Amino acid sequence: ITDVSLQALTARLVQLKLKHLHLDFVGCKNLTDAGLRLLATALHKSNLVELELHFAGCVRLHSPGISQLQENLPSSLRSFKGSFKGTAINRNFQNLCDFQEFKVKASPFTNEL
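These notes cover the structure that comes with them. What you see is a predicted model; the values in this text were computed from it and never measured.

Let's talk about the environment of Lys19
Looking at the element boundaries, Lys19 is found in the loop between helix 1 (3–13) and strand 1 (20–24). Given the relative accessible area of 43%, Lys19 is considered partly exposed. Along the primary structure Lys19 and Leu51 are separated by 32 residues, whereas in three dimensions their C-alpha atoms are 8.5 Å apart.

Below you can see the structure in the form of structure tokens.
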């Protein structure tokens, strides 16, 4: 998976009107903050109530993309799980509150699509 392929997925995400979404990007070494920002933007426009995202081993994900994800969760969201081991934050989250309250430290890394 790359940022470009994630862009194709996010283009359809809002149209699908999903309530539950589970995406697994474990080990996708070509996925960057630019792709994560695209996903965050699409998620913000959705009506999801349950979201599970796995980015373990996505070594090119850093603070800017993860912050974008935190800031753009849909207001309808009630349940969140996420794995970010092997990324800049190197942590997993078992619930929405933990993810929203986590303070992402600034990173000098940025990626453009």
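Considerations on the sheet that holds strand 1
The sheet built from 4 strands is open, its strands ordered 1-2-3-4 with mixed pairing. This sheet does not close on itself; its edge strands, each paired only once, are strand 1 and strand 4 (92–93). The sheet contact formed by strand 3 (residues 79–83) and strand 4 spans 2 bridges and is antiparallel. Following the sheet pairing, Ser83 is matched in strand 4 by Asn92.

Re the packing of aromatic side chains
The final tally for this structure, using the stated rule, is 7 aromatic pairs. When the ring of Phe93 is compared with that of Phe99, the centres are 5.0 Å apart and the planes differ by 75°; the resulting orientation is edge-to-face. Pairing Phe93 with Phe102 gives two aromatic rings, centres 5.3 Å apart and planes at 70°, and the pair type is edge-to-face. By the burial criterion, Phe93 is buried, and Phe102 matches it. An aromatic cluster of at least three residues, connected via ring pairs, comprises Phe25, Phe55, Phe80, Phe84, Phe93, Phe99 and Phe102.

Here we look at the pairing of strand 3
Relative to strand 3, strand 2 (residues 50–54) is paired through 5 bridges, and the arrangement is parallel. By the bridge assignment for strand 3, Leu51 is matched with Phe80.

Brief notes about helix 2 (residues 33–44)
Taking 1.5 Å per residue as the helical rise, helix 2 with its 12 residues ought to reach 16 Å, and the 16 Å between its terminal C-alpha atoms agrees with that figure. Buried within helix 2 we find Asp33, Ala34, Gly35, Leu36, Leu39, Ala40, Ala42 and Leu43. Among the structural elements, helix 1, strand 1, strand 2 and helix 3 (63–71) are those in contact with the buried residues of helix 2.

Basis of the calculations
By convention here, each chain's residues receive numbers from 1 onward along its written sequence. With the structure being a predicted model, the display of local features is reserved for residues of pLDDT at least 70 and the display and counting of side-chain atom pairs for 80 or more, all residues being used for whole-chain, interface and lining totals. Water and hydrogen atoms were dropped before computing side-chain values, which therefore reflect all heavy atoms in the structure. In DSSP terms, a helix is any run of H or I states spanning at least four residues, a strand is any run of E spanning at least two, and both are numbered starting from the N terminus. Exposure categories follow from relative accessible area, calculated using a 1.4 Å probe and restricted to protein chains: below 20% of the type maximum is buried, above 50% is exposed, and the middle band is partly exposed. One requirement defines pairing of two strands: DSSP has to find at least two bridges between them. Pairing of aromatic rings covers Phe, Tyr and Trp, the last counted by its six-membered ring, and requires centre-to-centre distances within 6.5 Å; plane angles under 30 degrees mean stacked, over 60 mean edge-to-face, and any other angle means tilted. Expected span, for any helix, means 1.5 Å times one less than how many residues it has. By definition, residues are in contact when any of their heavy atoms lie within 4.5 Å.

In short, geometric facts, not functional conclusions.
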